[in-house]
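Listed below are the residues making up each chain.
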Amino acid sequence: MSDLNQQMANRYKNNFLKEIEEQAEMGEWVKMCMQCGLCSGSCPTNFQAGWDHPPQEIFMMIRAGKRDEVLSSGSMWMCTSCYNCYVRCPRKVPVTHVMHGIAEYAYRIGRAPKNQPTQHLSKTFWDNATKHGRVNEVKLTQSLYFKDGIGAGIKKGLEMKDVALGLVKAGRLNPLEALGMGHKCKDVDGIHKMLAKARELEAQRKGRDNKGA
Amino acid sequence: MAETKTAAYICKGCELGVRLDTAALAKVATKSGKMNIVREHDFLCSADGVAMIRNDIDNEGVTHAAICACSRRAKTEAFNFPTIAMSRGNLREGVIWIRPDTEEARETTQEMAEDYVRMACAEVKAMTVPPGNQKTGTVKTLLVVGGGMSGMTAALEASKAGYKVVLVEKTGALGGWAARLHKRVPTREPFKSPEDNGVADLIARIEADANIKVYLNATIAKTDGAPGRFKVEIAVESGGIAQEDIGAIIQATGFNLYDAGKLPEFAYGKTPNVVDQAGLEALARAAAAEGKPICRPSDGQPVKSVVFVQCAGQRDASGTHLQYCSGFCCNTSIKQAMYFKDSNPDIDTVVLFTDLRTPGNGEDFYRAAQNRGVIFSKGVVSQVVPNGNACTVKFKDLILNEDTQAEADLVVLATGVVPNSGVNIEAVAAPAEGDGEGGEGDAPKEVVATIKPESILNLTYRQGPDMPQFKHGFTDSHFICFPYETRRTGIYSAGPVRRPMDIAQAQEDATGAAMKAIQAMENAGLGKAAHPRAGDLSFPTVRLEGCTQCKRCTVECPFGAIDEDEKRFPLFNESRCRRCGTCMGACPVRVISFENYSVNTVGAQIKAVDVPDEFAEKPRILILACENDAYPALDMAGMNRHEYDPYVRVIPVRCLGSVNTIWITDALNGGYDGVMLMGCKHGEEYQCHFVKGSELGRYRLSKVGDTLKGMNLETERVKDLEVAITDIATLPQKINEYAELIKSFPPSPFKGF
């Protein structure tokens, strides 16, 4: 059977739904969606940002077995966590959490879209924050400004110069953070141990080995 | 009967004495009303006032009383004198409550009240006390036709209430469709799993019930008579005929599934792996009996994937298939998907729906199915293609907006229901017979029956052997207000023969119908009318010497109460009559009347109204208002103090169908400036208590235009208004608008003749 035929044969089978249930955080809620569309209608980013698929469609695509389209979709990454959908869902489906769960799973298995800005921010922020237990704001800003190259980074930096100086003057930004100094938490080792334990528990719960993220 | 002695009573309570000159009203009752006794009272409905009337009846020999106080709908317990003829002049809701309490209005308000006093006096003199129907039957045995869920429930409920029941079932076993179900949709908390179909339990209870006599393999050969005295012949298994005396009948003949063979695009019949819902129940029962999983019919292998196609051949807007929803098949498909999921959670079950409708507690059931991994997808199926031992279901996914497909070992079609309601008697009868419904048949021709219609009740009625049918072949049973009331008195329909419904609804329906049937038997035994004039002792009498055998009464009677005798004169079956008066309104020679409601009782009121001459600039407008909806709405308008024009005079009628056109011509000839008729909505969504009454009345009214032209009057002077009981605030506005229109015309040229 050719690839395409295999794909068609898998349509509306439970395979991908089961995969999401087992692997993605809150994935077990996908089957409970009743396709009313309230989440899509409530989403403040949907139309402005031009999502490929609103949540309602993502849920249906999972049930229709469209694995490639779902995992490579940028839609889940556009969520701003405003929780409108979760609050309004008549079936009490935690749509926000499900979207994050699917996004995280797609990233974990390397299927998430490359160079997706929110994804980049999430990764950068996480690495930055977990390294010393506190966010190094100067480095975080730097890595975001210089994401698209040195020229673009300098240009953006100059644009934001006055804001930065104002923050420094007000004591809200420590320029020494650029050198790796600045504030840290008291027990960095403890934080790292805590995170490792959390990963271990998560892995136990989902019954999978601890890779990535 | 003793000598006639008339009395009028004028109440001064509820501000009547303040707003009106009651002494003048008393004078009117004496002089124009010509009443023998006229009394005023400060508070007529008080014990003292009632005692005064009672004393006049007992000691003064009063036989006719006009009570001029509040509406006939108010204080009915106080003014309850069944031994005398009684009329009510509506001075409160009809006059002082709808008029402003101002000096300018005083004169017209007083005139209005005086007219109502005259009308009440005139009406009561034209009335006699109804003796009650003498041709009663006192049989209290209920016949239930159909031994399915509805029929068995009706039989058990009637038996529990202490009545004998004869249950007739066409097949060799009780249980109907429900008996064919592997399991049924849950009826109890937590509504999460299919449960036992419950048929065995009901059958056991029926067999143990001494009140219930069951005929299996039997049909109704003949039904003759009327409520309380039906003679029913039952064609029994042996080929013989059994006779039963019956008081009332419940038809619970259920439905058949729409023929899936009419859906070639879904490959039904081309492969055994496409089944309808009944087919799946059979597979599930067979599998359960053998202790195996449900298998593919084509090769006997266990089913690994199944697709349910909802709305197959139903809710079809094109008119090719059924247009309506069957009400239960969404829940049924959910239940059937659970058969698979409960035996093996790895079986793929997909329900393709356009709108999932889960009545009752089906929403919990739906959620339970989702929880078990049944996939629900919004999609329209275009084709099912057999593919070896599997099928490809091609459909449009409405959420993803794409044409797609799913593979399945088994496809289940939810095909919908066709009522098993017998012969469509209106299709047999020539539709041209002026009953006003033939002309509007522009709706797309619809496929209804898939089985050859055979009569179920075999009634010996002139109107045909079965009950009239509503849309789509369901029995007509006052859909909106009184769901069990059919158009054949004492015969009730229950369950899916009446409208599409599931088991729980059918059982509720059957219980309701059993209660109504019992009420009908009891009332018939007492010579009283059934719904909606339950307890009414009057009945129509006909002066045969004047009858021209035009057959309008026999054709128009909405309830099939009138047969024809050998000489082709109308033959009234009083026990079948609902007392709507449609026959009376239809009769061109006016020979049909009731003791307390006749062409004369209304005609006398019309004539009693004082019509001022054309220079007085006081028009007179007659309103004939349906007593079921329009008159209560007018009363409530009064309670809410919504004012309306002082020149209208309202006469309640039993139904718009009872309006005889002579009243309209008499009124116009008598100098009235306009006539307004208020009746209920008619047509497919009728609200008429007598089903066809308002429709027939309006049909007659449509011919009044010619009369008006012949009299050289504007045709707009006669107005037909559709009124619902809720039109409390808008009704006075409409009266006022109409009154303005009438005032814009010159005064009627017939005044003063």
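Points about the overall build of chain B
Of the regular secondary structure elements, chain B holds 19 helices and 29 strands. Viewed in the frame of its principal axes, chain B has a C-alpha envelope of about 95 × 60 × 50 Å. Counting all 753 residues of chain B, 58% fall into the buried class. Considering only contacts within chain B whose residues lie at least 6 apart along the sequence, 71% involve residues at least 24 apart. Accessible surface computed for chain B: about 29400 Å², of which carbon and sulfur atoms make up 50%. Here chain B contributes 84 positive and 96 negative side-chain charges, whose respective centroids are spaced 2 Å apart.

A word on the side chain of B:Asp565
All names here are of chain B. Relative to the assigned elements, Asp565 resides in the loop between β23 (562-564) and β24 (570-572). No salt bridge forms around the buried Asp565; measuring N to O, its nearest opposite-charge neighbour Lys567 is 6.5 Å away. Within the structure, Asp565 has its side chain in polar contact with the backbone nitrogen of Lys567 (distance 3.0 Å).

Concerning the sheet that holds strand β7 (residues 212-215) of chain B
Residue and element names in this part refer to chain B. Spatial strand order, β7-β6-β5-β11-β21: five strands in an open sheet with parallel pairing. Each edge of the open sheet is held by one strand with a lone partner, namely β7 and β21 (491-493). Averaged over all pairs of adjacent strands, the angle between their axes in this sheet comes to 20 degrees, without regard to strand direction. Inspection of the sheet shows strand β5 (residues 141-145) paired to strand β11 (residues 248-251) by four bridges, in the parallel sense. Within β11, the position partnered with Leu143 by the bridge is Ile249.

So, the pattern of salt bridges
All names here are of chain B. Within the structure shown, the criterion is met by 59 salt bridges over all chains. For Arg315, the salt bridge goes to Asp355, with nearest N and O atoms at 3.1 Å. Here Arg315, found in the loop between β14 (305-309) and α8 (329-343), pairs with Asp355, found in the loop between β15 (348-353) and α9 (362-371); they are 40 residues apart in sequence, far enough to count as distant. Where Asp536 meets Arg654, a salt bridge forms, and the shortest distance between an N and an O atom there is 3.6 Å.

Quick word on the pairing of strand β16 (residues 375-387) of chain B
All names here are of chain B. Of the strand pairs in this sheet, β15 and β16 are connected by four bridges, and their pairing is parallel. Along β16, the bridge assignment pairs Leu352 with Ser377. As paired strands, β16 and strand β17 (residues 390-397) are joined by eight bridges and run antiparallel to one another. When the sheet's bridge partners are listed, Asn387 is paired in β17 with Ala390. Counting the residues that bridge the hairpin from β16 to β17 gives two residues, and of these Gly388 lies at a positive phi of roughly 65 degrees.

Quick look at the confidence of the model for chain B
In this model, chain B carries an average pLDDT of 92, and 96% of its residues clear a pLDDT of 70 or more. The model gives residues 429-451 of chain B a pLDDT under 50, and that stretch makes 33 contacts with residues more than four places away or in other chains.

Section: the pairing of strand β19 (residues 410-413) of chain B
Look at any regular strand and the pattern is simple: side chains alternate between the two faces of the sheet. Residue and element names in this part refer to chain B. Both faces of β19 are covered, namely the face carrying Leu410 and Val412 and the face carrying Val411 and Leu413. Here strand β13 (residues 274-276) pairs with β19 via three bridges, running parallel. Its bridge partner lying in β19, Asp276 is registered against Leu413.

Some remarks on the domain arrangement of chain A
Residue and element names in this part refer to chain A. Split into domains, chain A comes out as domain 1 (3-108) and domain 2 (117-206). If you average the C-alpha positions of domain 1 and of domain 2, the two centres end up 29 Å apart. With eight residues of domain 1 at the contact, the number on the domain 2 side is six residues. It is Glu25, Trp77 and Tyr107 that lose the most area in domain 1 upon contact with domain 2, and together they represent 74% of the buried surface on that side.

Quick word on the sheet that holds strand β1 (residues 6-11) of chain B
Residues and elements named next belong to chain B. Taking strand neighbours across the sheet as the criterion, the four strands line up as β2-β1-β3-β4 in an open arrangement whose pairing is parallel. Two strands in the sheet have a free side with no partner beyond their single neighbour: β2 (37-41) and β4 (85-90). Averaged over all neighbouring strand pairs, the angle between strand axes comes to 15 degrees, with direction disregarded. Two elements, β1 and strand β3 (residues 64-69), share five bridges in a ladder whose sense is parallel. Residue pairing for β3: Ala7 is matched across the bridge by Ala65. Helix α3 (residues 47-60) contacts β1, β2 and β3 of the sheet and is inclined by roughly 165 degrees relative to β2.

What about the interface of chain A and chain B?
Counting residues at the interface gives 21 residues for chain A and 24 residues for chain B. Taken together, both faces of the contact between chain A and chain B bury some 2000 Å²; the carbon and sulfur share is 52%. Where chain A touches chain B, the interface holds three salt bridges. Residues A:Lys66 and B:Glu402 are paired through a salt bridge, measuring 2.7 Å at the closest nitrogen-oxygen approach.

Examining α3(B)
All names here are of chain B. Helix length check: α3, at 14 residues, gives a terminal C-alpha distance of 19 Å against a target of 20 Å (1.5 Å per residue), a fit within 8%. Along α3, the residues that are buried comprise Gly49, Val50, Met52, Ile53, Asp56 and Ile57. When α3 is viewed along its axis, its buried side chains cluster within an angular range of 155 degrees and face the same direction. In α3, the exposed positions that point more than 90 degrees away from the buried face belong to Ala47, Asp48, Asp58 and Asn59. Those residues of α3 that are buried are in contact with β1, β2 and β3. Looking at the residues trailing α3, positive phi occurs at Gly61, about 75 degrees.

Conventions used here
Residues numbered from 1 in each chain as written. Chains lettered and ligands numbered in written order. Predicted model: local features only at pLDDT ≥ 70, side-chain atom pairs only at ≥ 80, totals over all residues. Heavy atoms only, no water. Helix = DSSP H or I, 4+ residues; strand = E, 2+ residues; numbered from the N terminus. Buried < 20%, exposed > 50% of the residue type's maximum accessible area, 1.4 Å probe, protein only. Contact = heavy atoms within 4.5 Å. Areas by Shrake-Rupley, 256 points an atom, 1.4 Å probe, with all protein chains shown as cover. Lys, Arg positive; Asp, Glu negative; His and termini not counted. Charge placed at Lys NZ, Arg CZ, Asp CG, Glu CD. Salt bridge = Lys/Arg side-chain N within 4 Å of Asp/Glu carboxyl O. Polar contact = N/O pair within 3.5 Å; in protein donor to acceptor, adjacent residues only side chain to side chain. Pairing = 2+ DSSP bridges. Axes fitted to C-alpha atoms, helices over the stretch in contact; angles between N-to-C directions. pLDDT = per-residue confidence, 0-100. Domains from an automatic or database assignment. Buried area = accessible area lost by both parts, 1.4 Å probe. Expected span 1.5 Å × (residues − 1). Arc of directions from axis to C-beta.

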